[in-house]
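# Observations on the three-dimensional arrangement
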Amino acid sequence: MALAEAIPPTGSGAVALAAGVVVVIAAAVDLAEAVMAVAVNPELETSWQRCWPALGASGDGQQVMARLLDAYQEPQRKYHTAQHLAECLQWWEACREQAEKPAEVEMSLWFHDAVYDVKGRDNEARSAAWAVQALREAGVSEESLGRISALILATRHSVTPETSDQQLLVDIDLAILGAPRPRFDAYEAQIREEYRWVPDALYSDKRREVLAGFEARDAIYRTPRLYALLEAQARSNLAHALSQL
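Residues numbered from 1 in each chain as written. Predicted model: local features only at pLDDT ≥ 70, side-chain atom pairs only at ≥ 80, totals over all residues. Heavy atoms only, no water.

### Topic: the side chain of Ser149
Worth spelling out the cut-off: By definition, any uninterrupted DSSP run of H or I lasting at least four residues is a helix, any uninterrupted run of E lasting at least two residues is a strand, and each is numbered from the N terminus. Residue contacts are counted whenever heavy atoms from the two residues lie within 4.5 Å of one another.
On the secondary structure map, Ser149 appears in helix α8 (residues 142-154). Not counting residues up to four positions away in its chain, the partners in contact with Ser149 are Ala128 and Val132.

### Some thoughts on the nonpolar core
Counted only if it meets this: Definition used in this section: a nonpolar core is a set of buried Ala, Val, Leu, Ile, Met, Phe, Trp, Tyr and Cys residues joined via side-chain atoms within 4.5 Å. Burial classes follow relative accessibility: with a 1.4 Å probe on protein chains only, a residue under 20% of its type's maximum area counts as buried, one over 50% as exposed, and anything between as partly exposed.
Met107, Trp110, Phe111 and Leu177 are the most contacted members of the largest nonpolar core, which has 66 residues in total. For this core, the element with the most residues is helix α5 (residues 82-95), which contributes seven residues. Contacts of Leu177, omitting those with residues within four sequence positions, involve Phe184, Tyr187, Phe214, Ile220, Tyr221, Gln233, Ala234, Asn237 and Leu238.

### Some details on the pattern of salt bridges
Rule in force here: For this analysis, a salt bridge means a side-chain nitrogen from Lys or Arg found within 4 Å of a carboxyl oxygen belonging to Asp or Glu.
For the structure on display, the rule yields 14 salt bridges. For Glu87, the salt bridge goes to Arg183, with nearest N and O atoms at 2.7 Å. Taken together, the positions of Glu87 in helix α5 and Arg183 in helix α10 (residues 181-194) put the pair 96 residues apart, joining distant regions of the chain. Across this residue pair, the class does not change: Glu87 and Arg183 are buried. A salt bridge links Arg96 to Glu93; the shortest N-O distance between them is 3.4 Å. Taking relative accessible area as the criterion, Glu93 reaches 35% and is therefore assigned partly exposed.

### Concerning α5
As a reminder, the rule being used: A helix's residues, less one, multiplied by 1.5 Å, set its expected span. Polar contact is defined as a pair of N or O atoms within 3.5 Å, subject to the rule that within protein one atom must be able to donate a hydrogen and the other to accept it, and that residues adjacent in sequence are counted only when both atoms are side-chain atoms.
If you check α5, its first and last C-alpha atoms are 20 Å apart, about what 14 residues at 1.5 Å a residue would give, namely 20 Å. Looking at the buried residues of α5, the elements they touch are α3 (42-54), α4 (62-71), α6 (102-111), α9 (164-173), α10 and α12 (224-244). For α5, the side-chain oxygen to backbone nitrogen distance between the N-cap and Gln83 is 3.1 Å, and the N-cap itself is Thr81.

### A short note on the packing of aromatic side chains
To describe a pair of aromatic rings, you give the distance between the ring centres and the angle between the ring planes. Counted only if it meets this: Each Phe, Tyr or Trp ring, with Trp reduced to its six-membered ring, pairs with another whose centre is within 6.5 Å; inter-plane angles below 30 degrees give stacked pairs, above 60 give edge-to-face pairs, and intermediate values give tilted ones. Look at NZ for Lys and CZ for Arg. If either is within 6 Å of the ring centre and within 35 degrees of the ring normal, a charge sits over the ring.
The full count for this structure, using the stated rule, is seven aromatic pairs. Each ring, one from Tyr79 and one from Tyr187, has its centre 4.8 Å from the other, and the planes form 70°; the classification is edge-to-face. Taken together, the positions of Tyr79 in the loop between α4 and α5 and Tyr187 in helix α10 put the pair 108 residues apart, joining distant regions of the chain. Overall, the relative accessible area of 3% leaves Tyr79 in the buried class. Ring geometry for Tyr195 and Tyr203: centres 6.5 Å apart, planes at 40°, overall tilted. You can call Tyr195 partly exposed: its relative accessible area is 25%. Among the residues examined, Tyr203 registers a relative accessible area of 9% and is labelled buried. What links up through ring pairs into an aromatic cluster is the set Trp48, Trp52 and Trp110. Here Lys119 stacks its cationic end above the ring of Trp197, 4.7 Å away from the centre of that ring. The ring of Tyr203 has Arg192 lying over it, and the distance from NZ or CZ to the ring centre is 4.2 Å.

### A look at the confidence of the model for the protein
Formally: pLDDT gives the predictor's per-residue confidence on a scale running from 0 to 100.
Of the residues in the protein, 84% have a pLDDT of 70 or more, and the chain-wide mean is 88. Here residues 1-10 is a poorly scored stretch, pLDDT under 50, and it has eight contacts once near neighbours within four places are set aside; other chains count. Taken together, the stretch residues 12-37 has pLDDT below 50 and engages in 17 contacts with residues farther than four places along the chain or on a different chain.

Structure representation (structure tokens):
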């Protein structure tokens with residue numbers, strides 16, 4: 001039977017059924033977009049299938065993953081997208097043996113930019129809350145939830161990471177600063193596009209503050225491996241970017 005034939009032509013029943021169909025279609029679209037993202041970046045699926053069960057979460061979490069990937073495709077995002085998530089997970093693959101609780105760090109990477117409002121000041125807190133809610137519903141222990149929340153909050157970059165896992169997560173999040181110059185330049189352009197509503201002079205002032213803050217640190221990266229691999233390039237990139245502002 002065709003979908004149109006199954007919908008009553010008039011009355012409240014038609015309205016209710018139509019509303020239900022809209023919800024189902026929207027969910028199907030979200031899932032289809034998530035499948036496309038995974039197809040483009042198969043490492044996303046590999047990562048999810050590894051960390052979800054490792055946390056003791058029930059089921060396969062595919063609906064949670066679909067919601068996350070849908071969030072990473074929101075139109076206001078230009079840098080904080082599935083590309084950034086995939087780049088973080090590529091670094092994670094190279095560094096995950098350094099983690100004390102790898103499943104918690106990996107899941108925190110998935111959620112660390114789950115909420116991204118370019119005008120918001122509580123994105124990390126809202127991302128952490130989403131992670132806690134979704135993982136609690138899947139039966140993850142309260143101890144793990146507390147550490148995952150703290151990991152996500154550490155990506156505010158306004159506080160010093162307290163644990164080795166927080167240091168690793170933050171270093172991975174900041175790996176873009178030490179990317180090859182063409183990728184770093186593309187990142188800077190993506191950030192500017194996210195803040196396109198900010199006037200040029202004001203944006204330059206505020207962006208200079210952010211980049212200079214990283215440049216002023218004794219060390220941008222706190223884990224020995226990422227320090228060795230990225231610190232010099234990051235400082236070169238920062239100096240270059242600051243000279244352009």
